[in-house]
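The lines below spell out each chain.
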Amino acid sequence: MNTMQSALIKKDLRGITANKQLLVAMISVPIVLTVVVPSIFIMLIHFMPNDFSDFDAMLRMLPIDIQLDNMNTAIISLLLNNIMPVFFIIIPIMAASIMAASSFVGEKEKRTLETLLYCPLSLKQIFRAKILSSFIMSELVSILSFTIMTLVTQIEIFLTTGSLLLPNISWLVVLLLLSPAVSLIAITLIVRGSARAQTMEESQQRSALLVLPVIFLVAGQFMGIILINIWILLGLGALLALIAWILMNGSFQKISYESMLR
Amino acid sequence: MKAIVAERLTKIYSGEKKALDNASFELSQGEVFGFLGPNGAGKTTAVKLLNGMISPSEGSCHVFGIDPSSSPEKVHAISGVVTEHAQMYGNLTGQENLVFYGTLFGIPKEESLKRALALLERLDLTVAKDKKLTTYSTGMRQRLSLARAMIHTPKILFLDEPTSGLDPESAQSVNNMIKELASDKGTTVFLCTHQLRYAQEVCSSYGLIDDGTLLAVGSLDALRCRIFSGLKVHIKSNRFPEGISFRKTEGQWAEINVQTEDEIPPIVKRIVDAGGNVYEVMANRLSLEEIYFSLIEKRKEQKEVR
């Protein structure tokens, strides 16, 4: 990464933080998903402890090693360690899509892409810098969301149950492997579509179309995978990272100035 | 080393007609080359080919010995490009834009800032340097684009209609700057425009293009030689003697072609000797505009013959 590329990355990151509309969209959804949703849940459990028959039935279906003695703690643990990670697949996809659409198609739409292409960076270097800036942004949003979520939920858990319930090991795999891999896939798909899309909205809609099945397929089954085994989760992460790498290299082969300026 | 060498350069966009057809030309360093023709003639295509944005369908080109289709980034490092489609960032100020493009060309931030301030002053944009680009007028944007193209002191400038949208005063200052760059710093300028009068003020050599075909290349004198190298003399008189091939134009004006200035006094003398009063005499060589239209006319005739 040379100084020219880092100048480009800084400019892209600044571009997104200066655009309040995009920034609000990128931050508000993760906050709602990772702070408001679990908070409501924790409060519900605390204030309505009477009818647990449905939860009870669900908890009995879980593997024995994660069935905890205390019903409240068991439900919160299920929420924190099995349901919440799903959101950390959705958040990077969303953040990466917004950022990549703005950084690739937005430049095309505002006619700044051509100026950028006249600089002495090769097309691959420009692409790498742009993919990296989208990736950095999506990771920042994910890590920030995780930090805020952990802080808020731990305080809430402590206040309602009197003890802490720290995130388990599967979070490490989700945050360090799965979520980066999924965000790279989303960025690459946007980049591939950027040659054809003429406006940022068009590109975001395209990415939503591509990403929706991913959410249904991955998110729907994800909870179960976390329950089964950490190694399977690790395997899935590695597989997604491999797909991201293949897709990214594939898109490097295809790009040309001519296709970008069309 | 030649600044630009283009050999039988041809570009056909996916199955359509030829945007550039067999164009061959050369540019020496420090030359201000006017690439002239109407909209859609192939000027922008030539700029894109010379910068490696598109690859030639046939033929080849080199910029300071570098082939732009194989190493575009090497050409970009020594060239500055101003085109209608190459805009800058609206959310950044004029100064921030220039500093960003400076760093993008590998210039350290402090040096970029120094150069940016100098260019902003030179292009009369110092007052607006801290304003966001969205507040700039078309003319200001155009001048800032020029500053952007010059931030890395390129060896060659590609300017595609640089004075479109500029008021006469700004256009004049841009012209002066282009001339200065060429004469003082030896910067080669490849200037595309459809404003022929403007080109005649700035350029040292020309390439005239129409419909993708290069009609003629050379200095103004060389181009004149292809049509008519002499002078066109306009005389206002109340009487024109017979025996001289005057063409009556309007009112008391008549026109006659001569090869050299020496032929003018005898003509005036004959009018006076014949009892005529001479009120005005104007002698002009063919302008670029006249040469261009003659060449287009010739081409049409050739096409019709075929």
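Residues numbered from 1 in each chain as written. Chains lettered and ligands numbered in written order. Predicted model: local features only at pLDDT ≥ 70, side-chain atom pairs only at ≥ 80, totals over all residues. Heavy atoms only, no water.

## Notes on the overall build of chain A
If you tally the helices and strands in chain A, you get ten helices and zero strands. Going from the N terminus to the C terminus, chain A shows its helices and strands as α-α-α-α-α-α-α-α-α-α. Here chain A, with 262 residues, has 49% of them falling under the buried criterion. Restricting the contact set of chain A to residue pairs at least 6 apart, pairs at least 24 apart contribute 82%. Here chain A displays about 12500 Å² of accessible surface, and carbon together with sulfur accounts for 70% of that area. (Helix = DSSP H or I, 4+ residues; strand = E, 2+ residues; numbered from the N terminus. Buried < 20%, exposed > 50% of the residue type's maximum accessible area, 1.4 Å probe, protein only. Contact = heavy atoms within 4.5 Å. Areas by Shrake-Rupley, 256 points an atom, 1.4 Å probe, with all protein chains shown as cover.)

## Notes on the interface of chain A and chain B
Taken together, the contacts link 23 residues of chain A with 29 residues of chain B. A combined buried area of about 2300 Å² lies between chain A and chain B, and 64% of that area is made up of carbon and sulfur atoms. There are one salt bridge connecting chain A and chain B. Across the contact surface, chain A and chain B share eight residue pairs in polar contact (both at pLDDT 80 or more). Those elements that provide at least two residues to the side of chain A that touches chain B are α1 (3-18), α5 (113-117) and α10 (257-261) of chain A. A total of seven residues in the side of chain A that touches chain B trace back to one element, the largest contributor, which is α1 of chain A. When the residues that make up the side of chain A that touches chain B are grouped by side-chain class, the tally is twelve nonpolar, four polar and seven charged. (Buried area = accessible area lost by both parts, 1.4 Å probe. Salt bridge = Lys/Arg side-chain N within 4 Å of Asp/Glu carboxyl O. Polar contact = N/O pair within 3.5 Å; in protein donor to acceptor, adjacent residues only side chain to side chain. Nonpolar A, V, L, I, M, F, W, Y, C, P; charged D, E, K, R; others polar.)

## Focus: the pattern of salt bridges
Residues and elements named next belong to chain B. If you walk through the whole model with that rule in mind, you get 18 salt bridges over all chains. Two residues, D221 and R224, come together in a salt bridge whose shortest N-O distance is 3.2 Å. Here D221 pairs with R224, and both are found in helix α8 (residues 220-227), just three residues apart, close to one helical turn. Judged by its relative accessible area of 9%, R224 is buried. In this structure, R247 engages E255 in a salt bridge whose closest nitrogen and oxygen atoms are separated by 2.4 Å.

## Let's talk about the environment of L98 of chain B
All names here are of chain B. With respect to the helices, strands and loops of the structure, L98 is situated in helix α3 (residues 94-104). Taking the C-alpha atoms as reference, L98 lies 10 Å from H152; in sequence the two are 54 residues apart. The residues touching L98, leaving out its near neighbours within four places in the chain, are A116, L120, L144, A147, R148 and I151.

## Observations regarding helix α10 (residues 288-305) of chain B
With 18 residues, α10 of chain B should cover 26 Å at 1.5 Å per step; its first-to-last C-alpha distance of 26 Å lies within 8% of that length. On its buried face, α10 of chain B is in contact with β3 (32-36), α7 (196-202), β8 (205-210), β9 (213-218) and α8 of chain B. (Expected span 1.5 Å × (residues − 1).)

## Overview of the domain arrangement of chain B
Under the domain assignment, chain B is made up of domain 1 (4-225) and domain 2 (229-285). Just the C-alpha atoms count here: the centres of domain 1 of chain B and domain 2 of chain B sit 43 Å apart. (Domains from an automatic or database assignment.)

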